[in-house]
Amino acid sequence: MKMKNAIEVENLRKEFKGYSSRSGLKGAFRDLFTRNYKIVPAVNDISFSVKQGEMVGYIGENGAGKSTTIKMLTGILTPTSGRIMVNGMNPHQERERFVQTIGVVFGQRSQLWWDIAVQESFRLLKKVYKVSDAHYNEHMNHVIKTLDIEPLLDKPVRKLSLGQRMRCELAAALIHNPPLLFLDEPTIGLDVLVKLKIREFLKEINEKYNTTILLTTHDLSDIEALCQRVIMLDEGNIIYDGALNSLKEKWGEGKELQFQFLKDPELNAVQNLTRGMPVYWELDEKKMVFSAMIEDNELVSRTIAKVAEAYQIRDMKINEISTEEIIRNIYEKGSVS
Amino acid sequence: MDKYIEMIRIRFLMMLAYRTNYYTGILIYAINIGAYYFLWAAIYGHKTQIEGLSVVQMTTYVAIAWMARAFYFNNIDREMAVEIMEGKVAVELIRPYSYLMMKTMQGLGEGIFRLFFFSVPGMLIVSFIFPVKFTWNPAVWGLFAVSIVLSFLINTQLNLLTGITTFFLFNNSGLIRAKRVVIDLFSGLLLPISFFPGWAQGIMKYLPFQGISYIPSMIFSNGFTRQAAFHAILEQAIWVIILVLPIQVLWSLAKKQLVIQGG
Amino acid sequence: MFYGSMFFQYLAQYMKTRLQYRADLFVEIFSDLLSQAVNFIFILVVFGHTSLLAGWSRNEIIFIYGFFLVPFAVFSSFFNIWDFNERYIVKGEFDRILTRPIHSLFQIILERIELESLFGAVTGIAIMFYSGIKLGLEMHWYDPFVFLLFVIGGALVYGGVFVMLACISFWADARTSIMPMMYNIGNYGRYPVDIYNKAIRFVLTWILPFAFVGVYPAAFFLGKREWTFYSFLTPVIGVVFFTVSIFLWNQGVKKYRGAGN
């Protein structure tokens with residue numbers, strides 16, 4: 001049997017008509033009458049699909065087109081062209097029926113009513129999504145317990161801390177137990193304990209209800225903890241779509257060397273040592289730690305030899321390259337292959 | 001001083017950026033003036049004069065009152081309320097300038113923008129459609145110029161005062177709205193103060209509102225003698241000075257409040 | 001059915017929020033009363049200098065003003081959208097609206113309900129009775145029903161115009177000062193349209209039909225037979241304008257660009 005896809009996207013494109021302002025007062029007057037318009041594609045003919053029950057990390061730098069894609073998938077924005085099928089529906093065309101089947105959490109925007117108690121918001125949302133009492137009790141009691149928000153229910157949202165609010169937001173998005181959950185920066189600004197709790201919870205929901213989760217985040221540790229698969233976006237194009245592991249295998253080859261010297265040399269001088277070799281140096285000025293990113297493992301000992309020859313080493317470490325660095329490297333190069 | 005002039009410039013640019021607003025604004029002001037013109041024409045009926053103003057003077061009065069309003073009017077009270085409620089004002093206070101002065105300059109930037117791109121072309125359009133009578137006497141223009149600058153100051157001071165009250169009231173949007181309504185009526189925008197019954201005029205003499213609209217409009221429509229005009233401008237100036245006091249008092253109280261509550 | 005029950009759900013939330021800020025509530029009502037008083041004073045002062053306004057007496061003008069207050073109060077209670085652009089488009093709250101399974105305009109109307117504005121209807125009816133008695137108007141059995149019909153029609157006219165204005169935000173970077181200014185224009189419907197010239201009369205009847213929120217329907221109760229046709233056009237214009245505005249809204253939502261792009 002063919003597995004049902006939760007999300008199917010083909011040649012999806014979204015263009016924005018932007019205008020550039022001319023500079024200065026004179027330019028502003030001219031703008032009053034004619035403007036320089038230009039069409040900017042925020043999402044550039046992308047295609048992908050997500051299976052029911054998958055947890056996918058959707059990553060990219062600011063302005064790469066992440067939010068635009070999410071907004072098209074949730075029916076907020078109409079695509080310029082291309083085909084979207086989410087939960088078997090076209091999000092924008094059948095918006096009201098469609099949103100019944102998804103849950104959305106925007107990390108920087110509240111779903112809850114600011115002035116009233118959390119449970120009042122829940123009650124209203126329960127009616128909005130037409131959830132029966134029996135369903136609500138069975139499902140939400142569990143959610144409330146797992147997220148540990150029982151004591152927060154009678155407080156108005158404006159009195160909650162960010163971490164408390166985020167947990168309530170998550171619960172609010174799950175009131176109708178949607179098979180598909182969109183999370184846009186859900187852990188932004190949260191402390192480690194809350195982050196861990198939210199991750200645990202998402203895993204559990206995914207296992208229990210086979211909920212599909214699409215997650216955008218700046219915090220790669222979220223993705224490492226949750227997602228088997230990542231889709232990486234750059235300037236509106238998908239530059240990588242696949243398992244997080246194979247990304248690591250392919251790009252994680254290489255090491256990071258950290259040196260501390262007895263007498264601190266200039267960064268240029270150190271860089272000169274490995275001139276002609278694919279080695280990238282960085283300097284942490286506060287701690288005077290010199291790090292070298294080396295892609296080719298065979299170059300590790302040569303680099304060490306050269307450095308040891310030139311300077312007296314006080315301390316040295318050899319590290320695996322972190323996911324964050326892998327991704328930074330990919331963005332610097334602009335493509336995966 | 002440079003930073004304040006820069007602020008005027010920035011505001012000017014911001015106003016230019018919202019151009020849809022600009023086009024519709026002129027249209028709406030023109031409709032507004034037009035509707036009041038017809039209302040007044042109907043009120044005059046066959047009378048040639050009411051309270052010493054002819055129909056043409058009245059039309060001129062209405063037109064100039066609205067066009068002057070474009071210059072002195074601003075929303076800084078509402079902006080201050082938002083900045084205070086969202087806690088942004090604490091950031092403003094650690095910057096190396098006077099917050100109130102900065103707000104005034106923002107208002108001035110807006111005002112100058114509207115004066116040149118709104119009032120002047122708007123007045124031209126209006127003068128083609130309605131029987132408005134301009135004077136070409138430079139002395140009248142000079143007095144008018146001084147007078148609307150003072151209008152701007154009085155109106156801005158009142159806005160600052162209402163804005164500052166946000167520190168003490170939880171939500172002052174009602175107060176801001178009430179203030180606007182009162183100013184529209186008692187400043188002489190809707191109808192000249194001289195149309196009110198005598199006892200009401202007596203009370204209004206002791207309020208700053210007529211310095212906002214009535215005085216400059218009367219000067220422009222030649223409704224005042226030269227003597228009366230000088231006297232009126234002097235009154236405006238006195239109000240500008242008097243209003244400094246409550247602003248300073250409330251502002252220093254507000255800053256104390258801010259320190260205690262942490263914004 | 002569902003929309004009806006949602007209405008009461010939101011209403012209950014609104015009450016809870018309002019009761020938390022009781023002081024605000026009083027200030028709101030007070031400032032409403034104040035602005036009604038200002039308009040009333042305007043009429044009184046003007047009639048200190050004339051006895052007839054294009055053939056309409058002082059009490060008739062006051063009656064029209066009283067009528068105007070009622071549909072206007074209904075409109076203000078349910079179409080509190082004058083800051084739609086700033087509140088929903090610029091701040092991106094419209095994203096949230098679009099992720100919920102209720103029509104977006106209906107949600108915004110529900111979220112922004114301000115029932116305290118209905119207080120204006122009480123003032124309006126009181127003013128109508130006051131001037132009606134002075135004018136010696138008689139009340140017929142059908143008057144309350146016609147009144148209700150005209151009030152709904154008038155509120156829909158206002159609603160339609162303001163929803164259309166809100167729709168501009170979907171296409172252009174318009175800020176809100178258009179809408180507050182429009183309240184001024186709405187005031188012209190309060191005066192007999194015969195004082196205006198043809199062009200403005202045309203605008204007030206067919207383009208920005210604010211005359212249907214004041215003088216036209218009120219003329220019916222004042223027994224001005226020559227306006228009867230226009231009086232009964234009130235609900236028609238209301239429905240037409242409101243329908244068109246909803247159509248425009250639905251088109252606009254497709255053009256929504258989201259915030260922060």
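Residues numbered from 1 in each chain as written. Chains lettered and ligands numbered in written order. Predicted model: local features only at pLDDT ≥ 70, side-chain atom pairs only at ≥ 80, totals over all residues.

Draft legend 1. Quick look at the domain arrangement of chain A. The domains assigned to chain A are domain 1 (5-249) and domain 2 (253-320). Centre-to-centre, using C-alpha coordinates, domain 1 of chain A lies 41 Å away from domain 2 of chain A. (Domains from an automatic or database assignment.)

Draft legend 2. Here's a closer look at the interface of chain C and chain B. At the interface, 34 residues of chain C touch 31 residues of chain B. Of all the elements in the fold, those that place two or more residues in the side of chain C that touches chain B are helix H2 (22-46) and helix H9 (178-186) of chain C. For the side of chain C that touches chain B, the element with the highest residue contribution is H2(C), accounting for 13 residues. Along the lines of polarity and charge, the residues of the side of chain C that touches chain B split into 22 nonpolar, 8 polar and 4 charged. (Contact = placed C-beta atoms within 7 Å. Helix = DSSP H or I, 4+ residues; strand = E, 2+ residues; numbered from the N terminus. Nonpolar A, V, L, I, M, F, W, Y, C, P; charged D, E, K, R; others polar.)

Draft legend 3. The environment of C:Asn80, seen in detail. Residue and element names in this part refer to chain C. With respect to the helices and strands, Asn80 occurs in the loop between helix H3 (58-78) and helix H4 (84-90). As for Asn80 and Glu60, which are separated by 20 residues in sequence, their C-alpha atoms are 29 Å apart. Residues in contact with Asn80, not counting those within four places in the same chain, are Arg112 and Glu114.

Draft legend 4. Quick look at the pairing of strand E11 (residues 279-284) of chain A. All names here are of chain A. As paired strands, E11 and strand E12 (residues 289-294) are joined by 6 bridges and run antiparallel to one another. Within E12, the residue paired with Val279 across the bridge is Ile294. Between E11 and the antiparallel strand that follows it, E12, lie 4 residues; Met288 among them carries a positive phi value of about 55 degrees. (Pairing = 2+ DSSP bridges.)

Draft legend 5. Spotlight on the sheet that holds strand E5 (residues 102-106) of chain A. All names here are of chain A. Sheet architecture is open: 6 strands sit in the order E5-E6-E7-E3-E8-E9, paired in mixed fashion. Only two strands of the sheet have a single partner each, and these edge strands are E5 and strand E9 (237-243). Neighbour-to-neighbour, the strand axes of the sheet open up by a mean angle of 15 degrees, direction not taken into account. Relative to strand E7 (residues 212-216), strand E6 (residues 180-184) runs parallel, the two sharing 5 bridges. For Phe182, the partnering residue across the bridge sits in E7 and is Leu214. Most of the contacts of helix H2 (residues 66-73) go to E6, to which it runs at about 150 degrees, and overall it touches strand E3 (55-60), E6, E7 and strand E8 (229-234). Against the sheet, helix H6 (residues 162-173) makes contact with E5 and E6, and its axis sits at roughly 160 degrees relative to E5, the strand it touches most. (Axes fitted to C-alpha atoms, helices over the stretch in contact; angles between N-to-C directions.)

Draft legend 6. Representation of the packing of helix H5 (residues 133-147) of chain A against H6(A) in the model. Residues and elements named next belong to chain A. Packing of H5 against H6 leaves a shortest axis separation of 10 Å and a crossing angle of 160 degrees. When the interaxial angle is binned, H5 and H6 end up roughly antiparallel. Every pair of crossing elements has a handedness; the one defined by H5 and H6 is right-handed. In this structure, H5 contributes Val143, Ile144 and Leu147 to the contact, and H6 contributes Arg167, Leu170 and Ala171. (Parallel < 35°, antiparallel > 145°, perpendicular 65-115°, else oblique. Left-handed = near helix turned anticlockwise from the far one by under 90°.)

Draft legend 7. Representation of the environment of C:Arg257. One can find C:Arg257 in the segment after helix H12 (228-255). Spatially, the C-alpha atoms of C:Arg257 and C:Asp95 are 9.8 Å apart, while their sequence positions differ by 162 residues.

Draft legend 8. Representation of the packing of H3(C) against helix H7 (residues 119-135) of chain C. Residue and element names in this part refer to chain C. Interhelical geometry of H3 versus H7 gives an angle of 160 degrees and a closest axis separation of 8 Å. Our classification of the angle between H3 and H7 gives roughly antiparallel. The crossing of H3 and H7 is left-handed.

Draft legend 9. Region of the structure containing the confidence of the model for chain C. When pLDDT is averaged along chain C, the result is 88; 96% of the residues meet or exceed 70. Reported for the predicted complex are a pTM of 0.81 and an ipTM of 0.81. (pLDDT = per-residue confidence, 0-100.)

Draft legend 10. Seen up close, unusual backbone geometry. Phi at A:Asn11 takes a positive value of approximately 45 degrees, unusual for a residue other than glycine. Secondary-structure assignment places A:Asn11 in strand E1 (residues 5-20). The backbone phi angle of B:Asn222 is positive, close to 60 degrees, even though this residue is not glycine. By the secondary structure assignment, B:Asn222 is in the loop between helix H10 (214-220) and helix H11 (226-261).

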